[in-house]
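Observations on chain architecture
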Amino acid sequence: MNQTNTRAYNFNAGPSALPLEVLEKAQRELINFRGTGMSIMEMSHRSSTFEEIHNGAIARLKKLFSVPDDYEVLFLQGGASLQFSMIPMNFLNAGQKAGYIMTGSWSEKAFKEAKLFGEPYQVASTKENKYRNIPSLQDMQYDSDAAYVHLTSNNTIYGTGWFDFPDTGDVPLIADMSSDIMSKPVDVSKFSMIYAGAQKNLGPSGVTVVIIRKDFLETANTEIPTMLKYSTFVDNNSLYNTPPTFGIYMLGEVLNWMEEKGGLTEIAKLNEEKAKVIYDVIDHSNGFYTGHASPESRSLMNITFRVADEELEKQFLVEAKEAGFVGLNGHRSVGGCRASTYNAVPLEACQALSNFMVEFQNKHQ
Ligand SMILES: Cc1ncc(COP(=O)(O)O)c(C=O)c1O
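Turning next to the site of the ligand. The environment of the ligand is made up of 13 residues, and the closest members are S81, T156, D176, Q199 and K200. Interatomic distance of 2.6 Å between a side-chain N/O atom of D176 and a nitrogen atom of the ligand. In this structure, Q199 approaches the ligand through a side-chain N or O atom, which is 2.9 Å from an oxygen atom. Protein contacts shield 85% of the accessible area of the ligand, which totals 390 Å² for the unbound molecule. Across the shell around the ligand, the residue classes break down as three nonpolar, eight polar and two charged.

What follows is the structure, given as structure tokens:
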């Protein structure tokens, strides 16, 4: 627990920490939202009150992330995982190619879905290196007739991230930014589409953000089910059916909080500082802790590491839990340890973890 209140040091990979200020505001507004006599969850998604919340969240996201005017912002359901299927269903025809850059389990899942619709191929893969790094941009060859190229900007499980994005020329570039969206400024105009489940950096689970360029949207298939067409949501401002209203309200409040923190440039600086205090302990531990990711590909959102001795690693996780650190177990598919330091995780929590890691090493080596 943190000294000043009852909040845990929350390093969960997602759903994950939300800003305390946002939770407190939501608590204050829960029963009677701004004099309406009801909570957001109880009001019509077609009411003017919700319309204001919804459009406000879209406008704030566009402003904070510098989304150009020729893009639509949508709030969908089904998680980032449904996007793995919706993307090829909308944009990949039978016999057509699409390039996938393989940097971890989420890229593999996206690739698997594309096989149901067309001919996806792997532009590059770092699987042989246990996904410790992002492939170098020079090694990537793009088929100029591919429908799109897909990448995962941050690999939540392996703890790697991209610092520069490929130039795919006329081939549309699509990014799954689920675990690092709005953790730093990004040139949105490089992408034809960006998507992300909200539950790491933007709010609670249940909302999926899609940012899509209008001219790309025009190339989508029309003979597919209504609820799986992007155009359905564009044509109805994400209100074709009942949207996840409370999640959209929370997302809007998280964006508000990000604005108050000084926007993405300030948030990025803080994220770098937060990650550094933990990576520094790993790097100065003389091999007691080892990072999974190659240093040049290290994620600023998910810090993956092992404790040299397996028994000691189990003890590390037990003692960390006792000391109030939550969510440090690595993903069930890879084991080890992982500290997820998303936007809402305070620097103080990262410093506390860094101190704990040093003390644990001093006690046990
Ligand atoms: C990079 C990435 N993509 C996709 C997903 C799947 O997201 P969802 O659970 O919203 O379907 C995750 C979940 O952790 C993720 O980290």
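Next, the rest of the story.
Turning to the pattern of salt bridges, a few remarks are in order. If charged atoms from side chains of opposite charge come close, those side chains can pair. All chains considered together, the criterion is met by 13 salt bridges. Across the salt bridge formed by R306 and E313, the nearest N and O atoms sit 2.7 Å from each other. Residues joined by salt bridges that share partners form a network here, namely K25, E29, R34 and E253.

This part covers a positive patch on the surface. The grouping of K109, K112, K115 and R332 at the surface amounts to a positive patch. Structurally, K112 is set in helix α4 (residues 105-114).

Of all hydrophobic cores here, the largest spans 85 residues; its most connected members are F11 and F65. With eight residues, the single largest contributor to this core is helix α7 (residues 245-260). Look past the residues within four positions of F65 in its chain and what remains in contact with it is M177, I181, M182, K184, V186, V188, I194, I211 and L264. In this structure, F91, Y131, Y148 and F216 belong to the second largest nonpolar core, which totals 30 residues.

So, how was this worked out
Residues numbered from 1 in each chain as written. Predicted model: local features only at pLDDT ≥ 70, side-chain atom pairs only at ≥ 80, totals over all residues. Heavy atoms only, no water. Near = heavy atom within 4 Å. Polar contact = N/O pair within 3.5 Å; in protein donor to acceptor, adjacent residues only side chain to side chain. Areas by Shrake-Rupley, 256 points an atom, 1.4 Å probe, with all protein chains shown as cover. Nonpolar A, V, L, I, M, F, W, Y, C, P; charged D, E, K, R; others polar. Salt bridge = Lys/Arg side-chain N within 4 Å of Asp/Glu carboxyl O. Patch = residues over 30% accessible without salt bridge, like charges linked within 9 Å, V, L, I, M, F, W, Y side chains within 5 Å. Lys, Arg positive; Asp, Glu negative; His and termini not counted. Charge placed at Lys NZ, Arg CZ, Asp CG, Glu CD. Helix = DSSP H or I, 4+ residues; strand = E, 2+ residues; numbered from the N terminus. Core = buried A, V, L, I, M, F, W, Y, C linked by side-chain atoms within 4.5 Å. Buried < 20%, exposed > 50% of the residue type's maximum accessible area, 1.4 Å probe, protein only. Contact = heavy atoms within 4.5 Å.

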